[in-house]
Amino acid sequence: MIAMTSENSSPNAAAPPLQDNFGRRVNYLRLSVTDRCDFRCLYCMADEMQFMPKKQLISYEEILHIAAAFSALGVSKIRVSGGEPLIRKDVVSLLRSLSAIPGIEELCITTNGSHLQQLAIPLRDAGVSQVNISLDSLQPQRFKQLTRYGDLAQVLKGIAAASQAGFAKIKINTVLMRHFNLDEVLDLADFALSRNMDIRFIEEMPLGEVSSHSRSAEFISSEELKAILDRHYQLQAESPGLTDGPARNWSVNGYTAKVGFISPHSENFCASCNRVRLSASGRLLLCLGNEHSVDLKQVVRSYPGDSQRLQAAILEAMLIKPEQHHFDLNQAPQILRFMNATGG
Ligand code: SAM
Ligand code: SF4
């Protein structure tokens, strides 16, 4: 386990809970541990990517210090993401240390699945309770086309390993693009539901400039998808859970697993936003669709071990959390950072 420099990592009953200027409670932290990835998914990255120099990467000790400060302020759920989190060295030991932070009730990871075959059991043993796996096609050639480098067979082995490892929950994340994989919506839903895995369909967000496709031409609204699914499944709206945030979930008659939609365009979800993100360079991003941020790595490096100062910086950051994103698929992207820099 990684040693923490934090003086105070226990939940702080006296600290005010994290709340922004719009009355939204923040109880969920996403951590990007790297911007690098072994895939180059068309919607996520450009073909030629410039990754951050490794020396700018936030260290595990710094991540733990920041995570402990969030937990002391009432954050109970952490998701580790990237880039591809499972390619960062010793990520399992980071997860083990994160799961030991008092007050962290849910520790989740989002992965492309390429390293899950080897890591599913170590991740479970480290305290990860939920794994989200990205899967946009069940056709090997198309999978390669969408991810540029991915090997479907390897990812499917990873999904099987995760399924056997016995995580509390596994979710499949799917970004559908009209001319690439819309025809697989039912196959993908069947794949997930029949394995007792939730599936969530995500509308593509205009983060970073891509030349492989037109984001507006590929757009499919969640409503249109739901209409397709409705013809085959009986879907019933679920009431939102405490940490669901922007996802809208539907139960499916005959299955335990659920179908969800993340619909930044067709159904603005900002009013229910409950999360903030730490980038791999240690920048706290207050909104996926805006650049408002605070450099927490700088705070940690300037005041080593000073939890009070870190908590104060986090509380202050809440005041600049924007009310909403302004994604517009018909304009050039306003946000030039790609999703891999942000942590999904
Ligand atoms: N590499 C891991 C993976 O693919 O699951 C974790 C990082 S990835 C950035 C996290 C999630 O963001 C994935 O489910 C991916 O499909 C989604 N994603 C990436 N770029 C996106 C975009 N432009 N719009 C919507 N979702 C996107
Ligand atoms: Fe990599 Fe995940 Fe982005 Fe695909 S979505 S390029 S797997 S970070």
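Rules used throughout
- Residues numbered from 1 in each chain as written.
- Chains lettered and ligands numbered in written order.
- Predicted model: local features only at pLDDT ≥ 70, side-chain atom pairs only at ≥ 80, totals over all residues.
- Heavy atoms only, no water.
- Core = buried A, V, L, I, M, F, W, Y, C linked by side-chain atoms within 4.5 Å.
- Buried < 20%, exposed > 50% of the residue type's maximum accessible area, 1.4 Å probe, protein only.
- Helix = DSSP H or I, 4+ residues; strand = E, 2+ residues; numbered from the N terminus.
- Contact = heavy atoms within 4.5 Å.
- Pairing = 2+ DSSP bridges.
- Axes fitted to C-alpha atoms, helices over the stretch in contact; angles between N-to-C directions.
- Parallel < 35°, antiparallel > 145°, perpendicular 65-115°, else oblique.
- Left-handed = near helix turned anticlockwise from the far one by under 90°.
- Nonpolar A, V, L, I, M, F, W, Y, C, P; charged D, E, K, R; others polar.
- Polar contact = N/O pair within 3.5 Å; in protein donor to acceptor, adjacent residues only side chain to side chain.

> Please clarify how the nonpolar core should be interpreted in this entry.
Nonpolar side chains in soluble globular proteins tend to end up buried together. One finds Phe 70, Leu 95, Leu 98, Leu 123, Phe 201 and Leu 296 to be the most contacted residues of the largest nonpolar core, which totals 106 residues. With 8 residues, helix H1 (residues 60–72) is the single largest residue contributor to this core. With residues up to four places along the chain from it excluded, the contact list for Leu 123 reads Leu 86, Val 92, Leu 95, Ile 109, Leu 116, Val 128 and Phe 167.

> What's the story with the sheet that holds strand E1 (residues 28–32) in this structure? I'm lost.
Sheet strands associate in pairs through backbone hydrogen bonding, adopting either a parallel or an antiparallel arrangement. The mixed open sheet is built from 12 strands, whose spatial order is E7-E8-E9-E6-E5-E4-E3-E2-E1-E10-E11-E12. In the strand order of this sheet, the two ends are held by strand E7 (235–237) and strand E12 (293–295), each with one partner. Strand-to-strand twist of the sheet, defined as the mean angle between neighbouring strand axes without regard to direction, takes the value 25 degrees. The pairing of E1 with strand E10 (residues 275–278) spans 4 bridges and is classified as parallel. Note that in E10 the partner of Tyr 28 across the bridge is Arg 275. Sheet contacts for helix H2 (residues 91–99): E1, strand E2 (77–81) and strand E3 (106–111); angle to E3, the most-contacted strand, approximately 155 degrees.

> I'm lost on the packing of helix H3 (residues 116–125) against helix H5 (residues 152–165) in this one. Help?
In a pair of packed helices, the angle between the axes and the distance between the axes together describe the arrangement. In the contact formed by H3 and H5, the axes pass within 8 Å of each other and the chain directions differ by 20 degrees. The angle between H3 and H5 places the two elements in the roughly parallel class. Both H3 and H5 take part in a crossing whose hand is right-handed. Each of Leu 116, Gln 117, Ala 120, Ile 121 and Arg 124 in H3 lies in contact with H5, whose residues at this interface are Lys 157, Gly 158, Ala 161, Ala 162 and Ala 165. Taken together, the residues of the contact of H3 with H5 sort by class into 6 nonpolar, 2 polar and 2 charged.

> Looking at this model, I keep getting lost on the side chain of Glu 204. Mind explaining?
Looking at the element boundaries, Glu 204 is found in the loop between strand E6 (198–202) and helix H7 (215–218). Polar side-chain contacts of Glu 204 include one of 2.8 Å to the side chain of His 213. Within the structure, Glu 204 has its side chain in polar contact with the side chain of Arg 215 (distance 2.6 Å).

> Whenever I open this one, the pairing of strand E8 (residues 248–252) confuses me. Can you help?
Successive side chains on a regular strand alternate, one facing one side of the sheet and the next facing the other. The pairing of E7 with E8 spans 3 bridges and is classified as antiparallel. When the bridges of E8 are listed, Gln 236 appears paired with Ser 251. Strand direction decides the pairing type here: E8 and strand E9 (residues 258–262), joined by 4 bridges, are antiparallel. Looking across to E9, one finds that Asn 249 is bridged to Gly 260. The turn linking E8 back onto E9 is made up of 5 residues, and Gly 254 within it adopts a positive phi angle of 95 degrees.

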